[in-house]
Amino acid sequence: MRVIEKHLELLVPAGDLEKLKVAVRFGADAVYLAVDNFGLRSRAGNFSLEDLHEAKRLTAAAGVKIYLTLNASLRAEEFTVLEQLLEELIPLDLDAYIIADAGVLATVRQVDPQREIHLSTQANTCNPAAGKFWRQAGAGRINLARELTLEDIAAFRSVPELELEAFVHGAMCVAHSGRCLISTALTGRSANRGDCAQPCRWNYQLTEEMRPGQVMSVQQDERGTYLFNSRDLCLVEHLAALAAAGVSSFKVEGRMKGIYYVAVVTDVYRQALNRLAAGDSQVDPNWRLELESVSHRPYDTGFLFGTEDAKIHAGDTHYQRSHDFVGLIRQNEAGLFVEGRNRFLPGEELELIGPQMKRALIRVAGLRDLKGDELPVAQPNSQVWLDSLPGWAEAGDMLRRKLVQK
């Protein structure tokens, strides 16, 4: 393969401060996050200004960048609040703002003209002419529309001094680059203002016009039952092709996902990008196995190889995974202990996972609470000593259980 000349950035979601710490520890180059206003995940934990100061301290120490999402669709009366927020954010010196609205871009340029601007996928940038327009307007990077093929992406290389960012993993929307009106129509919660109810994942039934109130199920056939539900995106096997097409930032979806998802997905894509940056395009089959361990819908490559190859419809809304997340390793003055997230028992076989794809199977020999008393079971939210941790274990590592496949 050809040598990749640009730095390949791994951009990871940080729904709250705990997830940010996990993303940094497992190898993110940059994180994207939001405050309570103007992001597209209003029901994520999000960050207060105080949290942002702590986030900036943590990421600066690790050499990780912070991109703040301001990509909601704004109403006219909200721009005064936006200007006030931008003034408060200036001292934080965040690395970039992610925006979708031309009015927001203009406001950022006026209030904080030195701030780097990244264009959100919500802007639906599908062609180099649009890319050139946004570059001239002040955007240094564009997150490409998710509907593009490799050939479409490669065409953007004609736009000078424009960084290309693409989603490589996570949930996809039924609408064009996420600009969906179903949630607003059915629930009054706007997806374009950060409050999507995800009605595309719901199970729909039918009523016949002459039989009001008589509900009939939609029978499943080879095309499935759930009419709008999308598969999840997984491009870990195609990063070399994306890099060759000009993509330099590889973005993971999932600010609403848990810390186990953030840890595993970050870990896998970190290893894949490290190998690619070293000039090796070989795909490790363990990467896909690891990604199967987190909760997800069936994986697909989206539109990357053309619409004929796209299998977007998921068939049903059932999540699948190969493992349960059962505990997080914490530390106090006496040593390492486990904070339970799912119940587990003495005698069980669990797997410890750490950054850089460290993995170790352990047998739970016995359980004690932090006072030293023996326990018959570790419950969610319990804090327990575990005698069987390997020597390389550290605070922030995680325990998981392999599920028995039916």
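Here, the structure is the one placed above.
Here is a short report on the structure shown in this document.

### What about the side chain of Ser293?
- Topologically, Ser293 is positioned in the loop between α10 (285-292) and β12 (299-300).
- Within the structure, the side chain of Ser293 is placed 2.7 Å from the backbone oxygen of Glu290, a separation counted as a polar contact.
- Contact partners of Ser293, with chain neighbours within four places excluded, come to Tyr260, Val264, Arg321, Ser322, His323 and Arg400.

### What to know about the environment of Gly396
- Within the fold, Gly396 resides in the loop between β18 (383-386) and β19 (398-402).
- Spatially, the C-alpha atoms of Gly396 and Leu336 are 10.0 Å apart, while their sequence positions differ by 60 residues.
- If we ignore the near neighbours within four places in the chain, the residues touching Gly396 are Arg25, Phe26, Leu328 and Ile329.

### Considering the sheet that holds strand β15 (residues 349-354)
- Overall, antiparallel pairing links the seven strands, which are arranged β16-β15-β19-β13-β14-β18-β17 in an open sheet. Where the open sheet ends on each side, the last strands, each with one partner, are β16 (358-363) and β17 (367-369). Averaged over all neighbouring strand pairs, the angle between strand axes comes to 35 degrees, with direction disregarded.
- Relative to β18, strand β14 (residues 335-340) runs antiparallel, the two being bridged by two bridges. Within the sheet, the bridge partner assigned to Glu339 lies in β18 and is Gln383.

### Side note on the packing of helix α3 (residues 79-89) against helix α4 (residues 102-111)
- Two elements in contact, α3 and α4, have axes separated by 10 Å at closest approach and are oriented at 40 degrees. Considering their axes alone, α3 and α4 lie oblique with respect to each other. At the point where α3 passes α4, the crossing takes the right-handed sense. Packed against α3, whose contacting residues are Phe79, Leu82, Glu83, Leu86 and Glu87, the element α4 presents Gly103, Val104, Thr107, Val108 and Val111 at the interface.

### Quick look at the pattern of salt bridges
- Considering all chains together, one arrives at 29 salt bridges under this definition.
- Note that Asp324 is salt-bridged to Arg321, the shortest N-O span being 2.6 Å.
- Residue class for Arg321 comes out partly exposed when judged on its relative accessible area of 37%.
- Put simply, Arg341 and Glu339 hold a salt bridge, and the shortest N to O gap is 2.8 Å.
- The structure contains a network of salt bridges with shared partners spanning Glu9, Arg141, Glu163, Glu165 and Lys251.

Criteria and cut-off values
One numbering rule holds for all chains: residues counted from 1, following each sequence as written. With the structure being a predicted model, the display of local features is reserved for residues of pLDDT at least 70 and the display and counting of side-chain atom pairs for 80 or more, all residues being used for whole-chain, interface and lining totals. Here the side-chain values reflect all heavy atoms present in the structure, with hydrogen atoms and water set aside. By the criteria applied, helices consist of DSSP H or I runs no shorter than four residues and strands consist of E runs no shorter than two, each listed in order from the N terminus. Polar contact criterion, stated in full: a pair of N or O atoms within 3.5 Å, where within protein one must be able to donate a hydrogen and the other to accept it, and residues adjacent in sequence count only if both atoms are side-chain atoms. Residues count as neighbours in contact if any of their non-hydrogen atoms are within 4.5 Å of one another. A pair of strands is treated as paired once DSSP finds two or more bridges between them. Convention adopted: a line fitted to C-alpha atoms gives each axis, helices being fitted over their contacting stretch, and angles between N-to-C directions are expressed from 0 to 180 degrees. Angle categories: roughly parallel below 35 degrees, roughly antiparallel above 145, roughly perpendicular from 65 to 115, and oblique for all the rest. Here a crossing is called left-handed whenever its near helix is offset anticlockwise from the far helix by less than a right angle, and right-handed whenever the offset is clockwise. Salt bridges are identified by distance alone: a Lys or Arg side-chain nitrogen within 4 Å of an Asp or Glu carboxyl oxygen. Only protein chains enter the accessibility calculation, which uses a 1.4 Å probe; a residue whose area is less than 20% of its type maximum is buried, one above 50% is exposed, and one in between is partly exposed.

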